[in-house]
Amino acid sequence: MASSPSPVAIAGSATQIVCGEHVSAVVTEDGELHTFGRGDTWQLGRRAGGRRRRQEQEETEEETEETEEEEEELDDPEHCFHPQRVTEPASLRGCVASVALGADHGVAVDTGGRLFAFGRGSFSQLGLGDARDRARPTLVEGLRGKAVVSAACGWRFTLAACANGEVFSWGAGSAGQLGHPSRLRRRVPTKIEALADAVAVSAGETHAMAMDAAGAVYVWGSNQHGRLGLGEVDEWGAERTTPTVVASVPARISAGNRHSACVTRSGVLYTWGCNADGRLGLGTTRDACTPQRIALPGKPTVATVACGVAHTLALSAAGRIFAWGSGKSGRLGVGGSGSGSGGAGSEHENRLSPAPVVVASDPQMRFVDVAAGSNHNLAVQDTGKVMA
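Predicted model only: the values in this text are computed from it and were never measured.

Q: Please explain the sheet that holds strand β2 (residues 14-19) as it appears in this structure.
A: Sheet strands pair by backbone hydrogen bonding; their relative direction is either parallel or antiparallel. As summarised here, the arrangement of the 4 strands in space is β2-β3-β4-β7, forming an open sheet in which the pairing is antiparallel. Edge positions in the open sheet fall to β2 and β7 (80-85), since each of these has one partner strand only. Averaged over all pairs of adjacent strands, the angle between their axes in this sheet comes to 15°, without regard to strand direction.

Okay, structure coming up:
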């Protein structure tokens, strides 16, 4: 593990970086997709070498229809410790526009707005009409004719916002995270009727967010720990299935596992939800069921925010990264004082308030994007190079 950002060897400049729970992806300026990390559910989007086996389908709490279609035989999955290019299908080569990753699946969107899904499919989170895994990106036919502009992967569910403002969801829906009146699983993309004019989506563990062109932020799904920011905390079984406005005039949204954040058009950061390990940056560990304004050291204008599983990153307009929350595995990239005690502490300690990320090799390094996963992060320098 590295407790300070270190270079990642990828040819070309990065146009997008994404962190899943234990996997990472980089889209480069030549339209290529590179993935690395854990690959036990084919979430890397590549076929692995080695012996072949029939995939084992796990039992789920929701009933599924039987299918007579023969299951695809897949290679045994393998982890990947260095970025490797996704080479299949050929129609996706050189034309990847964006990518989204969840806990064990992912989606890629090409320059024409077509969406391809890969990884685990046991809850139909791939949107392909079945519950099978896919080792390589596979075109989601249910969105044919819809130009996808934003996609997000949660814990076994997926969201897609289209150029016409429609939002579609599919996969597991037991917590209301699909935004439909029914909590049943959806095997194919299904339009969320309560949303229109959407331009961006974000997915947490079992909650979701969408932002429309006017800047209104909608939330739905599990409200445990107040992660929807609606002023209340709901226990399991009282989830919100209908998208509800929680904020207005944001420019960026991010859903973590059990917390949420947004950045307004004027560069002000707000967080809410679960505050275990200090992931909200409030200086405490108390949950917040309404959006709370967060001031970074020096009070810079905030450009974007990235919520991980138990920590959060913010990027200032000046290109500096700030981190807070769980410090396990050195994911905060900061040194110095400990978590709230004010004394000297370990770089692996929790941080209850935002602290600047230290780049040991170049303290003046500037960044243009950040991404947060479970125990890791990615960042793009102003030169287009990737750090992890």
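Now that the structure is up, let's keep going.
Q: Where do I start with the sheet that holds strand β17 (residues 207-212) in this structure?
A: Taken in spatial order, the 4 strands of this open sheet run β16-β17-β18-β19, and their pairing is antiparallel. In this open sheet, the two edge strands, each paired with only one partner strand, are β16 (198-203) and β19 (240-247). Across the sheet, the mean angle from the axis of one strand to that of its neighbour is 25°, orientation sign disregarded. Here β16 pairs with β17 via 5 bridges, running antiparallel. Bridged to A198 within β17 is D212.

Q: Sorry, what's going on with unusual backbone geometry here?
A: Peptide bonds are trans in most cases, and residues, glycine excluded, mostly fall at negative phi. Backbone torsion omega between E88 and P89 reads -5°, so that peptide bond is classified as cis. Along the polypeptide, P89 turns up in the loop between β7 and β8 (96-101). With phi around 65°, S124 is a residue other than glycine that occupies positive phi space. Tracing the chain through its elements places S124 in the loop between β10 (115-119) and β11 (134-139). On the basis of relative accessibility, which here comes to 0%, the residue S124 falls in the buried class. Positive phi, normally seen in glycine, also occurs at V249, with a value near 55°. Of note, V249 is situated in the loop between β19 and β20 (250-255).

Q: Can you walk me through the environment of H376 in this structure?
A: In this fold, H376 is placed in the loop between β28 (367-372) and β29 (377-381). H376 sits in the partly exposed class, given a relative accessible area of 21%. Expressed as a C-alpha distance, the spacing of H376 and S329, which sit 47 residues apart in the sequence, is 7.9 Å. The residues touching H376, leaving out its near neighbours within four places in the chain, are C19, G20, E21, H22, V23, S24 and H311.

Calculation criteria
- Residues numbered from 1 in each chain as written.
- Predicted model: local features only at pLDDT ≥ 70, side-chain atom pairs only at ≥ 80, totals over all residues.
- Heavy atoms only, no water.
- Pairing = 2+ DSSP bridges.
- Helix = DSSP H or I, 4+ residues; strand = E, 2+ residues; numbered from the N terminus.
- Axes fitted to C-alpha atoms, helices over the stretch in contact; angles between N-to-C directions.
- Buried < 20%, exposed > 50% of the residue type's maximum accessible area, 1.4 Å probe, protein only.
- Contact = heavy atoms within 4.5 Å.

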